[in-house]
Amino acid sequence: MRLYAENIYFAYSDSKPVIRGVALELRPGTVTGLFGPNGCGKTTLLRCLNATLTPQEGRVMLDNIALTTLSRRQIAARIATLGQDIPAQLPFTVAEVVMLGRYPAWRMFEHENAEDYRIVDSCLQKMELGSLAQRQFDTLSGGEKQLTLLARALAQETPILLLDEPASHLDIAHHLHFLTHLRKVAASGKSVLLVCHDLFATPMFLDRACLLHQGVVVAEGEPAGVLTARNLRHAFDCSIEVSRLTANTISVVLPEANPSATFC
Amino acid sequence: MRINKWSRVTPYLLLLTGGAAVLFWALCSGAVTASPGDVLKILFTPWRVNHTHPDYVIITQVRLPRIVLAWLTGGALSIAGAASQTLFRNPLASPYVIGVSNGAALGAALGLLLAAPLGFYTVPLCSVIAGLMVMVFILYVAGGKTNFSNYLLLTGIALNAFCSALTAIILFMAEERLQGIVFWLMGGLWKTGWEGVWLLLPIVCVALAILIVLTPELNLLLLGERAAAETGVNVLRTQRIIVVVIAVTTAVCISLTGVIGFVGLLVPHIVRLLVGADHRRLLPASLIGGGMFMVGADTLARTMAAPLEIPVGVITSLIGAPFFMWLLLRKL
């Protein structure tokens with residue numbers, strides 16, 4: 001299933017547009033990284049892509065269907081979203097939280113069956129949460145909570161995954177494990193959009209990258225072609241050097257970063 | 001995933017046995033003490049009992065309707081409380097917080113002042129109309145806003161103040177009816193018979209049925225409005241249905257019994273400790289737990305200072321408030 005945005009504009013009421021003419025396509029079997037400075041519209045764009053926000057201009061299409069013609073449930077059966085917010089309180093066990101992701105698959109009066117339990121179990125295993133299954137969500141660490149919510153998004157078993165900074169609380173090992181898993185997800189024909197700030201480990205796991213700046217796409221394509229020193233300097237307004245390690249691996253360095261500089 | 005079946009069933013067995021015990025105690029005690037044996041006879045073999053015997057009349061025409069109504073009110077308020085705690089994702093929420101209780105009380109007070117002679121159903125009707133008007137106003141102000149529950153809470157504060165002020169004006173104008181209205185406002189079940197039961201029973205059944213159908217959505221709302229929407233819930237529609245259910249059940253309860261505090265706030269918390277937060281277990285358990293609490297409190301209300309009767313709202317707040325504070329301290 002192909003999700004694409006055609007020339008969308010979005011403005012929150014009574015302010016200037018946050019998204020200004022963005023076109024973006026998520027192809028099956030690819031992981032796309034969405035980069036950009038704080039406040040450039042990454043999250044807003046993601047919310048347009050799952051129709052929780054409706055662009056004032058342009059449209060978001062799923063194959064040949066406009067997203068706005070689908071119900072929330074129909075959308076959730078096709079697009080799983082992991083937002084940035086981690087609920088402060090959620091009085092469920094880890095397994096129960098993951099089971100919440102099975103909701104779009106149920107009809108009215110329907111609830112979990114053996115198949116759902118199997119899916120939840122496998123999602124827990126994928127995120128290495130098997131041993132925490134019966135723990136209360138509220139007692140988990142930030143990273144464990146994030147993995148649980150990620151497992152919940154995976155449990156929706158959708159062809160499209162939109163992830164908004166899903167790894168911000170993960171340690172390096174879990175981060176790498178998670179990125180490796182995303183590659184597997186993509187290999188099974190799904191498309192993944194990953195909003196993130198990590199320029200060090202993430203790029204080598206991506207098929208495509210998109211760089212957003214003030215609501216406009218600066219560059220889109222192969223990660224090595226998008227995440228160039230020139231583009232990154234332009235988007236982040238900060239001195240950045242990029243050296244290419246292999247064909248698809250880049251290393252970002254900050255030559256002028258000066259720890260003793262004072263911010264005043 | 002393994003689930004221990006017994007750990008799921010035990011709390012219900014506890015609640016049901018406790019509930020049965022409270023019911024039986026309530027039936028036996030009162031101004032006229034009936035022996036447990038007689039009560040059992042009247043309950044289970046009514047055709048063998050003399051229907052003109054005072055014990056029979058007292059138990060079937062006075063105590064039983066009152067107890068059933070107490071049970072339904074407690075259960076309904078608890079369900080409404082549990083639903084509003086989920087709706088606002090706020091452990092301190094209850095029908096009072098959105099202003100529905102005070103709105104319904106205002107309607108009922110107005111009904112008592114002006115329309116009480118017109119018949120039994122006028123006061124509940126006034127109460128429901130006022131409750132629904134409050135709700136429509138809330139939806140007008142808060143509906144469609146992205147942070148619905150914040151707006152609801154804030155609207156509720158304003159509405160509470162406004163409705164309390166109007167109720168005070170009614171009290172000021174009530175003159176010789178003042179005592180009746182004040183007593184009713186304090187909350188009590190003394191003026192009840194089977195007609196109240198037949199009014200409340202279908203409403204409680206429908207409310208519970210609607211909420212049970214909506215349990216997956218209620219569970220998902222605990223994730224937050226945005227995450228629930230992203231997982232496929234039609235958030236606005238679900239919230240509206242829940243608000244209507246809360247408003248109508250609360251308004252009818254209030255019109256029959258006056259303002260009874262703390263049941264809707266306290267019971268869902270205790271029940272949640274017993275059965276967990278999954279609404280499929282929480283809502284039925286709230287019906288049992290809330291009913292049990294209310295019947296117990298009402299029995300205390302009519303026996304503690306017999307032949308005088310303490311308003312049951314006083315008892316529920318007197319027991320409920322310290323217990324709730326203990327619960328808060330324990331959780332921290």
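1. Side note on the environment of Pro159(A)
All names here are of chain A.
Then step 1. Mapped onto the elements, Pro159 comes out in the loop between helix H5 (142-155) and strand S7 (160-164).
Then step 2. Classification of Pro159 as partly exposed rests on a relative accessible area of 23%.
Then step 3. C-alpha separation for the pair Pro159 and Pro28, spaced 131 residues apart in sequence, amounts to 7.8 Å.
Then step 4. Once you skip the residues sitting within four places of it in the chain, Pro159 turns out to touch Met1, Ala77, Arg78, Lys190 and Ser191.

2. What about the packing of aromatic side chains?
Then step 1. As enumerated under the stated definition, the model contains three aromatic pairs over all chains in all.
Then step 2. For the ring pair Phe10(A) and Tyr12(A), a centre distance of 4.9 Å and an interplane angle of 85° mean the geometry is edge-to-face.
Then step 3. Residue class for Phe10(A) comes out buried when judged on its relative accessible area of 5%.
Then step 4. With centroids separated by 5.4 Å and ring planes inclined at 45°, the aromatic side chains of Phe323(B) and Trp326(B) adopt a geometry described as tilted. Taken together, the positions of Phe323(B) and Trp326(B), both in helix H14 (residues 312-331) and three residues apart, correspond to about one turn of that helix.
Then step 5. Phe323(B) gets classed as partly exposed once you look at its relative accessible area, which sits at 34%.
Then step 6. Residue Trp326(B) is classed as partly exposed on the basis of its relative accessible area, which comes to 45%.
Then step 7. Above the face of the Tyr103(A) ring, Arg73(A) is positioned so that its terminal group lies 4.2 Å from the ring centre.

3. Considerations on the sheet that holds strand S8 (residues 191-195) of chain A
All names here are of chain A.
Then step 1. What the six strands build is an open sheet, ordered S6-S7-S8-S3-S9-S10; its pairing is mixed. At either end of the open sheet lies a strand with only one pairing partner, and these are strand S6 (79-82) and strand S10 (216-221). Here the strands of the sheet are splayed against their neighbours by 15° on average, with no regard to which way each runs.
Then step 2. In the sheet, S6 pairs with S7 via four bridges, with the strands oriented parallel. Within S7, the position partnered with Thr81 by the bridge is Leu162.
Then step 3. Helix H8 (residues 229-236) contacts strand S9 (208-213) and S10 of the sheet and is inclined by roughly 35° relative to S9.

4. As for the interface of chain A and chain B
Then step 1. Each side of the interface is counted separately: chain A has 33 residues, and chain B has 22 residues.
Then step 2. Roughly 2300 Å² of surface becomes buried between chain A and chain B when both sides are summed, with 62% attributable to carbon and sulfur atoms.
Then step 3. On the chain A side of the interface with chain B, the three residues burying the most area are Arg72(A), Phe92(A) and Tyr103(A), jointly 24% of the side's total.
Then step 4. The interface formed by chain A and chain B holds two salt bridges in total.
Then step 5. For the salt bridge of Arg280(B) with Glu112(A), the shortest nitrogen-to-oxygen distance reads 3.3 Å.
Then step 6. Connecting chain A to chain B are six residue pairs in polar contact (both at pLDDT 80 or more).
Then step 7. Mapped onto the side of chain A that touches chain B, the elements with two or more residues apiece are helix H2 (72-76), S6, helix H3 (94-99), helix H4 (114-126) and H5 of chain A.
Then step 8. Of the residues that constitute the side of chain A that touches chain B, the class distribution is 17 nonpolar, nine polar and seven charged.

Reading guide: rules and limits
Residues numbered from 1 in each chain as written. Chains lettered and ligands numbered in written order. Predicted model: local features only at pLDDT ≥ 70, side-chain atom pairs only at ≥ 80, totals over all residues. Heavy atoms only, no water. Helix = DSSP H or I, 4+ residues; strand = E, 2+ residues; numbered from the N terminus. Buried < 20%, exposed > 50% of the residue type's maximum accessible area, 1.4 Å probe, protein only. Contact = heavy atoms within 4.5 Å. Phe/Tyr/Trp six-rings, centres within 6.5 Å; stacked < 30°, edge-to-face > 60°. Lys NZ or Arg CZ within 6 Å of the ring centre and 35° of its normal. Pairing = 2+ DSSP bridges. Axes fitted to C-alpha atoms, helices over the stretch in contact; angles between N-to-C directions. Buried area = accessible area lost by both parts, 1.4 Å probe. Salt bridge = Lys/Arg side-chain N within 4 Å of Asp/Glu carboxyl O. Polar contact = N/O pair within 3.5 Å; in protein donor to acceptor, adjacent residues only side chain to side chain. Nonpolar A, V, L, I, M, F, W, Y, C, P; charged D, E, K, R; others polar.

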